[in-house]
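# Notes for the structure review
Below, each chain spelled out in residue letters.
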Amino acid sequence: VIFCSDYCRTEGIAKFHQVECCILPTLIELDMGITPILTYRVLAQIPLLQLKSIIPKLEVEKHQKTRQLQGFNDQGVYDSSDYETLFHLEGNFGARDLNDLLEKCCKAFILTKMLIKSKCYFVDEHGTPFEPSLYDVILVGSTVFMHLINIQPNSLEICEYQVVPLYKSPTGLDAKSLGGGIYPALSLFNHSCHISATRITYGCHKAIYSLSFITKGSEVCISYGEKFFSHSIDQRRSQLLRNYKFKCNCEACTNNWPTLHFLEKFPKLKQSEKMILRGATGKIAKLNPHNRKRIESYMKELFQKFHNCYLDAMKGKNDADTGTIAIEVLEFIDRFADMPCSLYTDAQEMLEFFVLEKQAPCTYVN
Ligand SMILES: [Zn+2]
Ligand SMILES: [Zn+2]
C-alpha cells in the first residue's frame, strides 16, 4: 500500500486500514474495477455498531424527505464528509437491467464475505471478532449492494496532469490515472454536453471552475462524458445511458448541435432585445445593443485577438493574456450571440488549459 503523504498514512491507519490490510491483495487480484474497492473502503470506515444505528435512520429519511433534501443534515447543510450524503447519492436503481443487478449482487456477496473473513469488521466494542447474525449479514450485504450501485456512477477518477503544448496533444494535457474517489458535493452538478463549468483535480481534491458566463439562477453544468462538438449525439447518449442510466436532453442534444467538423466558426448575434447587459463590466458594458455596427466591429477585433492568442498557445506560448481573452470571448458570446460556434468551444478549451497549467503539482511520498 502506498499512501500519498504522512498525513494520509496516519489517517488511513486510524480509519480503515485495519479492515482493508489483509483483504486488499485479494480485492486487487479479483480485478472487479474501482467501484468494489471504493465500496469496501466506505464500509471499512463505518464500524458495524455505527452502521447498525445509522442505516435504519437513513432508510426512514429516504421515504420521508423529498429527493432534493436527501443528504442535507438537520441544519440544512450538505456536508460531503458526512456519510449521509454518500448514502443518498443517485444510482438509478430503477433504470438498471437484471444482468447489471445480478452482477452487483455477486460482487456484494464477495465483499461481504471479505468483511467477515477480515475478522476486523464483525467485532464487538472491544474489537473481538464474533460470528455475525443473519440480520448483521443482511444489513451489511444490502448496504454493500446499494453502494455498488450508487458509487459506480458517482466515483471520479483521480489523475495527475502533465501539461504539454497543444500541438502535442489536442487538449494540451497528458493525464495519468492514479485511482478513484467519491465527491458527493460534485455529484450534485448535472451533466450537459455543452458545459458551463469543469472540475479540476488538485491532489485528492477537486475544484469547479466556471467556463462560461453564468447568469444568476441558471444551472451550472459539468460534463460526465463527451462534449457536443467532439462526439455525435448518438455516441454521447449511448455512453451516458450505459454509464449513468439517463437519456441526455441538454441544449446541445435537444437542438442536435453539429460536431466540430460541421460547426460554424463565428456565432450569430442575438436580436438586440435578447442581448444581456446586466452586470457587465469593462468594454462589454459600453456596448449598446442597438448599435449593431459597433458590436460587430468590437467582435471582429476581439476574435482576431483571440485567434492570435490561440496560435501562440499552440506553439506553447501561454501568457496571462490567454485567460483574460478567453474569458472575454466567452462572456461576449454568452451575452450577445447564439450558440453553437467553434470559437466558443475553442475559448473554453483554452481557458481550461490555462487554469490547469497554473495548478500546483501533487507530491507522492511512500
Ligand atoms: Zn497494512
Ligand atoms: Zn446532451
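Summary of the structure given here. (Residues numbered from 1 in each chain as written. Chains lettered and ligands numbered in written order. Predicted model: local features only at pLDDT ≥ 70, side-chain atom pairs only at ≥ 80, totals over all residues. Heavy atoms only, no water.)

### Remarks on the overall build of the chain
This is how it is decided: Only DSSP runs of H or I with at least four residues qualify as helices, and only runs of E with at least two residues qualify as strands; both kinds are numbered from the N terminus onward. Summary of the burial criterion: residues with accessible area below 20% of their type's maximum are buried, those above 50% are exposed, and those between are partly exposed, where the area comes from a 1.4 Å probe applied to protein chains only. Should any heavy atoms of two residues lie within 4.5 Å, those residues are considered in contact. This count recognises Lys and Arg as positive and Asp and Glu as negative, with His and chain-terminal groups excluded. Note on charges: their place is set at NZ of Lys, CZ of Arg, CG of Asp or CD of Glu.
Counting its secondary structure elements, the chain contains 14 helices and eight strands. Once the C-alpha set of the chain is aligned to its principal axes, its extents read approximately 80 × 45 × 40 Å. Buried residues in the chain amount to 45% of all 366 residues. Contacts in the chain between residues at least 24 apart in sequence constitute 67% of all its contacts with a sequence separation of at least 6. Here the chain contributes 41 positively and 41 negatively charged side chains, and the mean placements of these two sets differ by 5 Å.

### A word on the packing of helix H5 (residues 48-64) against helix H8 (residues 134-151)
Our working definition: Every angle, taken between N-to-C directions, lies between 0 and 180 degrees, and every axis is a line fitted to C-alpha atoms, over only the stretch in contact when it is a helix. Oblique is the label for every angle not falling under 35 degrees (roughly parallel), over 145 degrees (roughly antiparallel), or within 65 to 115 degrees (roughly perpendicular). Each residue is assigned to one class: nonpolar for Ala, Val, Leu, Ile, Met, Phe, Trp, Tyr, Cys and Pro, charged for Asp, Glu, Lys and Arg, and polar for all the others, Gly among them.
For the pair H5 and H8, interaxial distance at closest approach is 11 Å and the crossing angle is 75°. The pairing of H5 with H8 is recorded here as roughly perpendicular in orientation. Here Leu48, Leu51, Lys52 and Ile55 of H5 come into contact with H8, specifically with Tyr135, Asp136, Leu139, Val140 and Thr143. Its residues placed into classes, the contact of H5 with H8 shows six nonpolar, one polar and two charged.

### What about the pattern of salt bridges?
Heads up, the condition is: The term salt bridge refers to a side-chain nitrogen of Lys or Arg lying within 4 Å of a carboxyl oxygen of Asp or Glu.
Under the criterion given, the structure shown has 14 salt bridges. Between Glu84 and Lys65 there is a salt bridge, with its nearest N and O atoms 3.8 Å apart. Of the two residues, Glu84 sits in helix H6 (residues 83-87) while Lys65 sits in the loop between H5 and H6, which places them 19 residues apart along the sequence. Residue Glu84 is classed as buried on the basis of its relative accessible area, which comes to 8%. Residues joined in a network through salt bridges with shared partners are Arg96, Asp100, Glu103, Lys104, Lys107 and Lys245.

### Quick look at the pairing of strand S5 (residues 205-210)
For clarity, the cut-off: Here, strands pair whenever DSSP counts at least two bridges between them.
When strand S4 (residues 197-202) meets S5, the two strands line up antiparallel, connected through six bridges. What sits directly across from Ile200, in S5, is Ala207. The turn linking S4 back onto S5 is made up of two residues, and Gly203 within it adopts a positive phi angle of 60°.

### Side note on the coordination of the zinc ion (ligand 1)
For the record, the criterion: Here the term donor refers to an N, O or S atom within 2.8 Å of the metal (or 3.2 Å for Na, K and Ca), and because water is left out of the atoms, sites may appear incomplete.
Summarising the metal site, the zinc ion (ligand 1) is bound by the protein donors His17 (NE2) and Cys21 (SG), whose distances to it range over 2.0 to 2.4 Å. In this pair, His17 and Cys21 are both assigned in helix H2 (residues 17-21), four residues apart and thus about one turn of the helix distant. Judged by its relative accessible area of 15%, His17 falls in the buried class. The partly exposed category is assigned to Cys21, whose relative accessible area is 43%.

### With respect to the coordination of the zinc ion (ligand 2)
We count it as follows: Under this scheme a four-donor centre is tetrahedral when all angles range from 85 to 135 degrees, a four-donor centre is square planar and a six-donor centre octahedral when opposite donors are above 155 degrees with the rest from 65 to 115, and any other centre is irregular.
The zinc ion (ligand 2) binds to the protein through Cys193 (SG), Cys248 (SG), Cys250 (SG) and Cys253 (SG), with metal-donor distances spanning 2.2 to 2.3 Å. Classification of the site at the zinc ion (ligand 2) rests on its four donor atoms, whose angles at the metal span 106 to 113°, yielding the label tetrahedral. Considered as a linear motif, the donors of the zinc ion (ligand 2) on their single chain read C-x54-C-x1-C-x2-C. Like Cys248, the residue Cys253 is buried in the burial classification.

### Side note on unusual backbone geometry
The amide bond that connects Met339 to the next residue, Pro340, takes the cis arrangement and shows omega of 0°. Phi is positive for Lys245, close to 60°, though the residue is something other than glycine. Structurally, Lys245 is set in the loop between helix H9 (233-244) and helix H10 (251-254). A positive phi angle, near 50°, is found at Asn256, a position not held by glycine. Counting through the fold element by element, Asn256 comes out in the loop between H10 and strand S7 (268-269).

### Focus on the nonpolar core
Note the threshold: As used in this record, nonpolar core signifies buried Ala, Val, Leu, Ile, Met, Phe, Trp, Tyr and Cys residues forming a set joined through side-chain atoms within 4.5 Å.
Judged by nonpolar contacts, the single largest core of 43 residues is most densely connected at Phe228, Phe303, Phe306, Val329, Phe332, Ile333 and Phe336. Contributing elements (two or more residues each) for this core: H9, H10, helix H12 (292-314), helix H13 (320-336) and helix H14 (342-358). Considering each element in turn, this core owes the most residues, nine residues, to H12. Sequence-distant contacts of Phe336, defined by excluding residues within four places in its chain, comprise Leu269, Lys270, Met275, Leu277, Ile284, Leu287 and Ile295. Within the second largest apolar cluster, 37 residues are counted, among which are Leu24, Tyr40, Ile55 and Phe122.

### Description of the side chain of Ser342
Within the secondary structure, Ser342 is located in helix H14. Once residues within four sequence positions are removed from consideration, Ser342 is found in contact with Leu260, Leu263, Glu264 and Lys265.

### Quick word on the packing of aromatic side chains
Rules: Two rings from Phe, Tyr or Trp (for Trp, the six-membered ring) form a pair when their centres are within 6.5 Å of each other. A pair whose planes differ by under 30 degrees is stacked, one over 60 is edge-to-face, and the rest are tilted.
If you walk through the whole model with that rule in mind, you get 13 aromatic pairs. Taking 5.4 Å as the distance between ring centres and 45° as the angle between the ring planes, the aromatic pair formed by Tyr298 and Phe332 counts as tilted. Of this pair, Tyr298 sits in helix H12 while Phe332 is found in helix H13, placing the two residues 34 residues apart along the sequence. Across this residue pair, the class does not change: Tyr298 and Phe332 are buried.

### Observations regarding the state of the cysteines
Heads up, the condition is: When two cysteine sulfur atoms are found within 2.5 Å, that pair is recorded as a disulfide.
For the structure on display, the rule yields zero disulfides. Cys106 forms no disulfide, and the closest cysteine sulfur to it belongs to Cys105, at a distance of 6.3 Å.

### Things to note about the environment of Leu351
Summarising the element assignment, Leu351 is placed in helix H14. By relative accessible area, Leu351 is classed as buried at 6%. Put simply, Leu351 and Gly323 are 28 residues apart on the chain and 5.4 Å apart in space, counted from C-alpha to C-alpha. Residue contacts for Leu351: discarding those within four places in its chain leaves Ser210, Leu211, Gly323, Ala326, Ile327 and Leu330.

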